[in-house]
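# Structural overview
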Number of protein chains: 2
Amino acid sequence: MSEQNTPMREALKEAVKAIEAGEVPIGAVLVDSSTGTVVARAHNLTEGNCDPTAHAEILAIRMRCEQLSTPRLPDHDLYVTLEPCAMCAAAIAGARLRRVYFGAYDPKGGGVEHGPRIFNQPTTHHTPEIYGGIDEDAAAKLLQNFFKDRR
Amino acid sequence: MSEQNTPMREALKEAVKAIEAGEVPIGAVLVDSSTGTVVARAHNLTEGNCDPTAHAEILAIRMRCEQLSTPRLPDHDLYVTLEPCAMCAAAIAGARLRRVYFGAYDPKGGGVEHGPRIFNQPTTHHTPEIYGGIDEDAAAKLLQNFFKDRR
């Protein structure tokens, strides 16, 4: 495993915490690109928080914005275990993140490489660098096991 | 002014509050469709809250979800002064709102009738009924004056 992938392992740990909390297992971390340090960690909490916007990505962005008292995070990279949905992709554009690394591709709910392809829209406010398929198998396996157990 | 438009007037009042707070003037209210009552009011707070996701629509949805301890609001209608962006449109789908009434159309930032057209995507989780152009002139004038004053 390359050094670059370490934050994705942290994001996967967050996804495991989501399972323990009865949430869909998706985790995310934010890295301050100037220091290489993980500065925010979150997992999906839509059910527990009673909040349809409480996806891992949005919670991590809100956490870090609060820490820095700013609505924009240009020097930050997001690692998330699943391709972001349209809501999260648009929030990522709003936050002006530098890079997005995601795990599994999501043909049904993804908004980056599928569906509305938010960053390919001419009206997007910002387009981060995107790297998909990082530790893809681990992220996909967590999700598959979660949904298998619930059926 | 028809009875139906009254909540949009409430949303416009929220947009005026946004101006007073130095925020982009967009306001939203949620109506419980079973009673016809306005149950949540919010305006854009991205700068004041240091939160790129603090759009009027998302704040109103989060507020009502917290009140009812649920992440889904099927018996609710949203009135918002501007066409929702992609982030808010996807959040509206997530919250399963029944109807969306919006004021001004937004060719540059809208995600409903423009750009990614979130509810027209085959992968959207939910499509509310959409009514655009309600009290359009009032909403557009607020935005035009705001941006004129800042240039």
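For the structure itself, consult the block above.
Residues numbered from 1 in each chain as written. Chains lettered and ligands numbered in written order. Predicted model: local features only at pLDDT ≥ 70, side-chain atom pairs only at ≥ 80, totals over all residues. Heavy atoms only, no water.

### Thoughts on the interface of chain A and chain B
Contacts between the two partners involve 28 residues from chain A, matched on the other side by 28 residues from chain B. In this structure, B:D51 engages A:R62 in a salt bridge whose closest nitrogen and oxygen atoms are separated by 2.9 Å. Between the two partners, chain A and chain B, sit four residue pairs in polar contact (both at pLDDT 80 or more). Sorting the residues of the side of chain A that touches chain B by element identifies helix 2 (56-68) and helix 3 (86-95) of chain A as the ones contributing at least two each. It is helix 3 of chain A that provides the largest number of residues to the side of chain A that touches chain B, a total of six residues. Split into classes, the residues belonging to the side of chain A that touches chain B amount to 14 nonpolar, eight polar and six charged. (Contact = heavy atoms within 4.5 Å. Salt bridge = Lys/Arg side-chain N within 4 Å of Asp/Glu carboxyl O. Polar contact = N/O pair within 3.5 Å; in protein donor to acceptor, adjacent residues only side chain to side chain. Helix = DSSP H or I, 4+ residues; strand = E, 2+ residues; numbered from the N terminus. Nonpolar A, V, L, I, M, F, W, Y, C, P; charged D, E, K, R; others polar.)

### Observations concerning unusual backbone geometry
Residue and element names in this part refer to chain B. We note that C50 has phi near 50°; this positive angle belongs to a residue other than glycine. Along the chain, the position of C50 falls in the loop between strand 2 (37-43) and helix 2 (56-68). Overall, the relative accessible area of 15% leaves C50 in the buried class. (Buried < 20%, exposed > 50% of the residue type's maximum accessible area, 1.4 Å probe, protein only.)

### A few points about the relation of the copies chain A and chain B
After a rotation of 180° and a shift along the axis of 0.0 Å, chain A superposes on chain B with an RMSD of 0.0 Å. Such a combination of rotation and displacement between the chain copies is what one expects of a two-fold axis. The rotation axis passes nearest to the C-alpha of A:M87 in chain A, at a distance of 2.0 Å. Both copies share a contact surface, since 100% of the interface residues of chain A are interface residues in chain B too. (Least-squares fit on C-alpha atoms with pLDDT ≥ 70 in both.)

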